Amino acid sequence: MEQFVLSLLILHCACSPRTTSAIPKSLPLTIPVRDANYRFKYAQQMVSYMNLTVNPCEDFYEYACGNWKNTIPERHSESKRVNVLDIGFELNKIIEIILQKKAIVQLVPEYAEELKLARKFYENCRQTQLYPMRKTSKHLEILQKIGGFPAWDDKWNAAQFNWLTMSSHMSEFGIETLIKEDIFSEYPFMPYFLMPSFGFDIKLSYDNLHNKSSMAYLTNRQCMYEILTLYGIGANKSEMVLEKIFDFLAEVLVVVNGFKEDEYSCEKLSETLKPFEVDAIIQQWSQYFDIVWHGKFRNLTEDNRPCLYFYRELNKIVARHRDAVANYLSLKFLYHMDARLKNSKLQGDYCTWSVRNGMRFLFDNIFMKLFFNRQTAKDVKRMAIRIQKELRQSLLEATWMDAKTRKAALLKESSMKLYEVNRINLLLFENHIRRLHGLYSEQFNNQTKPLQMMLGMEVNAFYYPLDNSLHIAAGVLQPPTYHPAWPISLKYGTLGYILGHEFSHGFDVQGANYDYTGRNSYWWSEEASQQFEAQAQCFVQSYGNYCVPEINRRINGLLTLNENIADAGGLNLAFRAYRRLANEQSKKVGSPRQAHGKQETMPGLNLTAEQLFFVGAAQIWCSSYREMDYWQELTNTHTIEKYRVLGLMTNSRDFANTYNCPNKNGDKCEVW
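Thresholds applied
- Residues numbered from 1 in each chain as written.
- Predicted model: local features only at pLDDT ≥ 70, side-chain atom pairs only at ≥ 80, totals over all residues.
- Heavy atoms only, no water.
- Buried < 20%, exposed > 50% of the residue type's maximum accessible area, 1.4 Å probe, protein only.
- Helix = DSSP H or I, 4+ residues; strand = E, 2+ residues; numbered from the N terminus.
- Arc of directions from axis to C-beta.
- Contact = heavy atoms within 4.5 Å.
- Disulfide = S-S within 2.5 Å.
- Axes fitted to C-alpha atoms, helices over the stretch in contact; angles between N-to-C directions.
- Parallel < 35°, antiparallel > 145°, perpendicular 65-115°, else oblique.
- Left-handed = near helix turned anticlockwise from the far one by under 90°.
- Nonpolar A, V, L, I, M, F, W, Y, C, P; charged D, E, K, R; others polar.
- Salt bridge = Lys/Arg side-chain N within 4 Å of Asp/Glu carboxyl O.
- Phe/Tyr/Trp six-rings, centres within 6.5 Å; stacked < 30°, edge-to-face > 60°.
- Lys NZ or Arg CZ within 6 Å of the ring centre and 35° of its normal.

Visitor: Just checking my understanding: could you explain helix 13 (residues 275–284) for this structure?
Guide: Note on helix geometry: an α-helix contains 3.6 residues per turn, so any two residues three or four positions apart are oriented the same way. Every buried residue of helix 13 is accounted for by Glu277, Val278, Ile281 and Gln284. Along helix 13, the residues classed as buried sweep out an arc of 130° about the axis, all on the same side. More than 90 degrees from the buried face of helix 13, the exposed residues found are Pro275, Phe276, Asp279 and Gln283. Along its buried surface, helix 13 packs onto helix 8 (163–171), helix 14 (286–292) and helix 15 (308–320).

Visitor: Teacher, can you tell me more about the state of the cysteines here?
Guide: A covalent bond bridging the sulfur atoms of two cysteines is what the word disulfide describes. Evaluation of the coordinates by the stated rule reveals 5 disulfides. Here Cys65 connects covalently by a disulfide to Cys622, the sulfurs 2.1 Å from one another. Measuring handedness by torsion sign, the sulfur bridge of Cys65 and Cys622 sits at about -80° and is left-handed. For Cys622, a relative accessible area of 0% corresponds to the buried category. Numbered by position along the chain, the disulfide-linked cysteines of the protein connect as 1-9, 2-8, 3-6, 4-5, 7-10.

Visitor: What am I meant to see in the packing of helix 25 (residues 561–588) against helix 27 (residues 609–619) here?
Guide: Two elements in contact, helix 25 and helix 27, have axes separated by 12 Å at closest approach and are oriented at 150°. Put simply, helix 25 runs roughly antiparallel to helix 27. Seen from above, helix 25 lies across helix 27 with right-handed handedness. Facing helix 25, whose interface residues are Leu571, Ala574, Phe575, Tyr578 and Arg579, helix 27 presents Ala609, Glu610, Phe613, Phe614 and Ala617. Taken together, the residues of the contact of helix 25 with helix 27 break down into 8 nonpolar, no polar and 2 charged.

Visitor: Quick question: what am I supposed to make of the pattern of salt bridges here?
Guide: Opposite charge on two side chains lets them pair, provided their charged atoms get close. Here the structure, examined in full by the defined rule, presents 32 salt bridges. With a shortest N-O distance of 2.5 Å, Arg386 and Glu584 are connected by a salt bridge. For Asp567, the salt bridge identified is with Arg644, shortest N-O distance 2.7 Å. Placement of the pair is Asp567 in helix 25 and Arg644 in helix 29 (residues 641–650), with a sequence separation of 77 residues. Note on Arg644: relative accessible area 6%, which makes it buried. Through salt bridges that share partners, Glu277, Arg312, Glu313 and Lys316 make up one connected network.

Visitor: How should the side chain of Asp379 be read in this particular structure?
Guide: With respect to the helices and strands, Asp379 occurs in helix 19 (residues 374–397). Using a relative accessible area of 13% as the deciding quantity, one classes Asp379 as buried. Filtering out sequence-adjacent residues up to four positions away, Asp379 remains in contact with Tyr482 and Lys491.

Visitor: Would you take a moment to explain the packing of helix 10 (residues 215–230) against helix 11 (residues 235–258) for this structure?
Guide: What describes two packed helices is the angle between their axes and the distance between those same axes. The geometry of helix 10 relative to helix 11 is characterised by a closest axis approach of 10 Å and an angle of 135° between their N-to-C directions. Of the possible angle classes, the one that applies to helix 10 and helix 11 is oblique. For the crossing formed where helix 10 meets helix 11, the hand is right-handed. Side by side, helix 10 and helix 11 meet where Tyr217, Arg221, Met224, Tyr225 and Leu228 of the first sit next to Ala235, Ser238, Glu239, Val241, Leu242, Ile245 and Phe246 of the second. In terms of residue class, the contact of helix 10 with helix 11 is built from 9 nonpolar, 1 polar and 2 charged.

Visitor: Explain helix 27 here, please?
Guide: Of all the 11 residues making up helix 27, 11 are buried; the element is thus mostly covered by neighbouring parts of the structure. Three or more residues of helix 27 are buried, namely Ala609, Glu610, Gln611, Leu612, Phe613, Phe614, Val615, Gly616, Ala617, Ala618 and Gln619.

Visitor: Would you mind going over the packing of aromatic side chains with me for this structure?
Guide: The description of an aromatic ring pair rests on the distance of the ring centres and on the angle between the ring planes. Counted according to the given criterion, the structure contains 40 aromatic pairs. Ring plane angle 80° and centroid distance 5.6 Å describe the contact between Phe89 and Trp353, whose orientation is recorded as edge-to-face. Within this pair, whereas Phe89 is found in helix 4 (residues 87–100), its partner Trp353 is found in helix 17 (residues 347–358), the two being separated by 264 residues in sequence. Residue Phe89 is classed as buried on the basis of its relative accessible area, which comes to 6%. Assessed through its relative accessible area of 21%, Trp353 is described here as partly exposed. Measuring from ring centre to ring centre gives 5.3 Å for Phe200 and Tyr335, while their planes differ by 90°; the resulting arrangement is edge-to-face. Taken as a pair, Phe200 in the loop between strand 4 (191–194) and helix 9 (206–210) and Tyr335 in helix 16 (residues 322–337) lie far apart in primary sequence, 135 residues in all. Tyr335 carries the same exposure label as Phe200, and that label is buried. Clustering of aromatic rings is evident, with ring pairs tying together Phe60, Tyr63, Phe575, Tyr578, Phe613, Phe614, Phe655 and Tyr659. Geometry around Tyr335 places Arg340 over its ring, the cationic atom sitting 4.4 Å from the centre.

Structural data, given as C-alpha cells:
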C-alpha cells in the first residue's frame, strides 16, 4: 500500500448555495450550517428524480430515476442525456464565464492570444443564424474538392469518384462515413478500425430499413429529403436520389446482417479471403493513410486493419451505386456540418460546446489554474486509499484465484497509481489534435501517454493498464458524483462506486493482459482463467436477458461483460469501504452506529444511510433516450443505463439485504 501514488488535479467548482432554505430542526447540530442547508436543498433534488410509488426491489431504476427525465431542462445534446454527463452543462457555465468576462485574462495573461481567438469564434457563433439549417456555399466548395455531390452537380463524373478518398477527407472533420476510426491509447498511438454505422438521426439496420413504416426509415428519409430541398434539388429528383441511396444501403446492410453486426464474426469471414484480395484491400487503404496520417501506418496489421471481408463486399456494391454513394456521403457531410439545433434557444449551448471541444487544452489549463481545490483532493485521496484497501481484501478472498495468480494480483494492487488528470477550421483542428501523438510518434518514446489523459476538465474517470494507474478528471467531481457537504454514505455510493469500478478494471479480462509494471504480460494461471470465465458467464446471461423494447433488441452481455463486472466489483468495494469507515467513526465519537447514522442521511429523504448509498449510485445513471440513442448505445461496451442499474442491483447481496428484498438469499453473479 505504501507504493500507492496520488497526483491529483481536482476541481470543485460547484458554488456554495445561498442559505435561503430553513434547516430542519432534526438535523444533527454537528454538521456546519452551510453544509446542512446544502444537504436539505440537494435532498429535495434527489427526491424529485424518484418514483416513490415503485417497489425498489422490483425496479430500482424506476424507483430512483423514474421522474428524472421530467425534471431536466431542455439543452442542446446530440445524443442521450445522462445525469452524470449533464455535469458537462455545469462545466460549460465556467467556460462561458471565461469567454464573457474579459477580466479573466488578467489572471491568465499567458493565454491572452488564445483567449482572443476563442472569444472571436464564440461571438461569431453566437451572432450567426444557426437555426434552422442554412445552405452554405463553402460546404459545397469542399464537397466538390473531395468527391462531389451529384444530386446538386449535373457535371459530376462517376469515373473519377473514389469512396475511400472522399471518406478519408471527411474523417478530417470527425465525420464517421464508411470508415470508423479509433486510436490505440498505447504508443505509437496508431489507428484501428471498427464497423461503421449507417444512417443519420437513427441508425439503420437490416430490419428497420426494410420496414418503411419504421421510425428509423422515416426519420432518415425525411432528414435527407430536407437537406436536398434546402440545396435546391426538386421533389422528383430528390425522390430518385433517395431511392438510389436506400438501394445502396439495403445491399450494404444485407452484408452486415450476414455477420449479425458482430466484429468478430466479420473477422472470421475475412480469413476466407484469398491472398490477392487481402493485398488489394490493404493497397487500397494506403490512400487513407496518405490523406489522414500523412503516409504513416500504411502497413496494416491484423491488430489494426479494418474488416477485410466487409470492405471487399463494399467495393463491389459501390461499383454498382457510385452516384448514390457520393450523394450519401455528401448528405452526411452537410448533416454533420449543421448545428442540428432543435430551436434557436439552444444556440448558446451549442456555441459553448463547440469552442470547448475545439480548444479543450486551452480551457483545461485555465480551468485548473483558477479553480483547483486542495481540500477536495484530500477527500478523494482518502476515499481512494480506503477503497484500494478493500480491493486488497477482496483479492485475498477471491475463490477463483489460485495461489500463484493471487500473488501476482496482490503485487499489481500494491503497485497501482492514481493520477488526475470559424466552425470548419475548428473541426479540422480538433481532429488534428486527436491524432497528434500518432502523427508525431517518432518524436516521443514508448512511455508517452495519450493527450486525453492530461485533461482535468472532463467528466471522466478511467483505469489505464499501461502504467497500472487510475485517473480521475477534475470535471467529474460535481453532483451527482460528488460534493464535499454530502454525508459519507452518499459520497461512497457515488464517487466511491466509480473509483471501485475503475480499480476493478485492473483485474478483469483486459487487466489480466498487463502486469504490475504495465507490461503486456498475461499473469493469470490457466486454472484461474477458467474459473473467472465460469463465473463471468453468469454476468453474460444475466444482462443478456434484458430486452430493450424501444428497438426490440437484447443487451449484448458478452460485449458489456468487462464493464458489468467492474460495476459489480466497484459497488461491492465502495459499500465495504463505507461500512468500515462508518463503524470506525461510530467508535471514535463513542456513539452507537445507529445514532451516528442519523447524520449520514439526507433531510427530507426517508432513507437510511445504506439505502442512500444505493440511491446515490443509481442516480448517477438517470437517463433520457430517443430511439436513435438506443441504436447507438447498443454497440457500446457499457450497458444502457437503465439496465446497468437493474443488473447492478439485482446482483448485489448488499442491496438486497439493505432493502430486505424477497430474493436476498438467491443466486447472484459475483467475481469479487
